[in-house]
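Chain residues, written in single-letter form:
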Amino acid sequence: MRKIIAALNMTLDGVCDHNAGLPDEEIHQHYTELLGQGDIILYGRTTYQLMEFWRTILENPSEQKTMNDFAVAIDKIQKIVFSHTLDATDWSSATIAKRDLKSEVLAVKQQTGKDIFVGSRSLIIQLLNLNLIDEFQLCIYPMVEGKGLAFFEGISDRIIFNLVKTKIFKNGSLLLYYQWKNDHPPT
């Protein structure tokens, strides 16, 4: 069965705003490679609209190769967008979800294919509360943002994870890989 992987960047003070952080070439390369390990990414409307920025890089490439490579990877991966206000998308690899989050995720998880990524804080919180996240990949930037959207607001129950792997980037960012503890697996 496919894994549901929550992949998100945040600062030391827990801010996960997409405008906060210190992404560099090494981090862009990491996320380009990660996207190649999956074939679907789930977004809420706000994050989806922020990610449309990468379409501009496709049209007007950056001087940074890793940004261009990430733009190609994000363009290629299928995106399912959960929105109450969008009726359609104009990005050929994006569709609007037809079912509620739980039904859509359970249906997609049963299909054959690669891993499924969740790239929106709001969806991650909802899926955590539904016990549907199999793995976390949190990239912690070595900075305090001081303001912005806190990542773990709205969790309804205590959740305990096992740290299974770490990766340290040259800029001091730390990638933490977590999975559910054995006594509390996702449903």
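Here the structure is shown first, and the text comes after it.
Right, let's walk through the structure included here. (Residues numbered from 1 in each chain as written. Predicted model: local features only at pLDDT ≥ 70, side-chain atom pairs only at ≥ 80, totals over all residues. Heavy atoms only, no water.)

**What about the pattern of salt bridges?**
Thought 1: Scanning the model with the defined rule gives 7 salt bridges in all.
Thought 2: With a shortest N-O distance of 2.9 Å, R55 and D90 are connected by a salt bridge. Highlighted residues: R55 in helix α3 (residues 53–59) and D90 in the loop between β3 (78–82) and β4 (94–96), separated in sequence by 35 residues.
Thought 3: Counted as one network, the salt bridges with shared partners bring together E52, R55 and D90. (Salt bridge = Lys/Arg side-chain N within 4 Å of Asp/Glu carboxyl O. Helix = DSSP H or I, 4+ residues; strand = E, 2+ residues; numbered from the N terminus.)

**Comments concerning the environment of D115**
Thought 1: Along the polypeptide, D115 turns up in strand β5 (residues 115–118).
Thought 2: In the structure, D115 is positioned 79 residues away from G36 in sequence and 9.5 Å away in space, judged by C-alpha atoms.
Thought 3: Non-local contacts of D115, meaning those with residues more than four positions away in its chain, are made with K3, I5, Q37, G38, D39 and I40. (Contact = heavy atoms within 4.5 Å.)

**Considerations on the pairing of strand β2 (residues 38–44)**
Thought 1: Where burial is concerned, most of β2 is hidden: 6 out of the 7 residues are buried.
Thought 2: As paired strands, β2 and β5 are joined by 4 bridges and run parallel to one another. Within β5, the residue paired with L42 across the bridge is V118.
Thought 3: Where β2 lies against β3, 5 bridges are found, and the strand directions are parallel. Within β3, the position partnered with G44 by the bridge is F82. (Buried < 20%, exposed > 50% of the residue type's maximum accessible area, 1.4 Å probe, protein only. Pairing = 2+ DSSP bridges.)

**Description of the packing of aromatic side chains**
Thought 1: Per the stated rule, a full pass over the model turns up 8 aromatic pairs.
Thought 2: Note on Y48 and W91: the rings are 5.9 Å apart at their centroids and 40° apart in plane angle, and the pair reads as tilted. With Y48 in helix α2 (residues 45–51) and W91 in the loop between β3 and β4, the pair connects residues that are 43 residues apart, well separated along the chain. The pair formed by Y48 and W91 is uniform in burial state, with each residue classed as buried.
Thought 3: Ring centres of F161 and Y178 lie 6.4 Å apart, and the angle between their planes is 55°; this geometry places the pair in the tilted category. With F161 in strand β7 (residues 161–168) and Y178 in strand β8 (residues 174–180), the pair connects residues that are 17 residues apart, well separated along the chain.
Thought 4: Here a set of aromatic residues connected by ring pairs shows up, and it is made of F136, F151, F152, F161 and Y178.
Thought 5: Sitting over the face of the ring of W91, K79 holds its NZ or CZ atom 4.3 Å from the ring centroid.
Thought 6: A cation sits over an aromatic face here: K165 above Y177, 4.5 Å from the ring centre. (Phe/Tyr/Trp six-rings, centres within 6.5 Å; stacked < 30°, edge-to-face > 60°. Lys NZ or Arg CZ within 6 Å of the ring centre and 35° of its normal.)

**Digging into the packing of helix α1 (residues 25–35) against helix α4 (residues 65–76)**
Thought 1: α4 packs onto α1 with a crossing angle of 25° between their chain directions and a minimal axis gap of 9 Å. Regarding the angle of α1 to α4, the classification is roughly parallel. Two packed elements cross with a definite hand, and for α1 against α4 that hand is left-handed. Each of E25, H28, Q29, Y31, T32 and L35 in α1 lies in contact with α4, whose residues at this interface are T66, M67, D69, F70, A73 and I74. (Axes fitted to C-alpha atoms, helices over the stretch in contact; angles between N-to-C directions. Parallel < 35°, antiparallel > 145°, perpendicular 65-115°, else oblique. Left-handed = near helix turned anticlockwise from the far one by under 90°.)

**Remarks on the environment of S120**
Thought 1: For S120, the position within the fold is in the loop between β5 and α6 (121–129).
Thought 2: Since its relative accessible area comes to 1%, S120 is described here as buried.
Thought 3: Taking the C-alpha atoms as reference, S120 lies 17 Å from Y141; in sequence the two are 21 residues apart.
Thought 4: Apart from residues lying up to four places away in sequence, S120 is in contact with L42, Y43, G44 and T47.
Thought 5: At a separation of 3.2 Å, a polar atom in the side chain of S120 contacts the side chain of T47. (Polar contact = N/O pair within 3.5 Å; in protein donor to acceptor, adjacent residues only side chain to side chain.)

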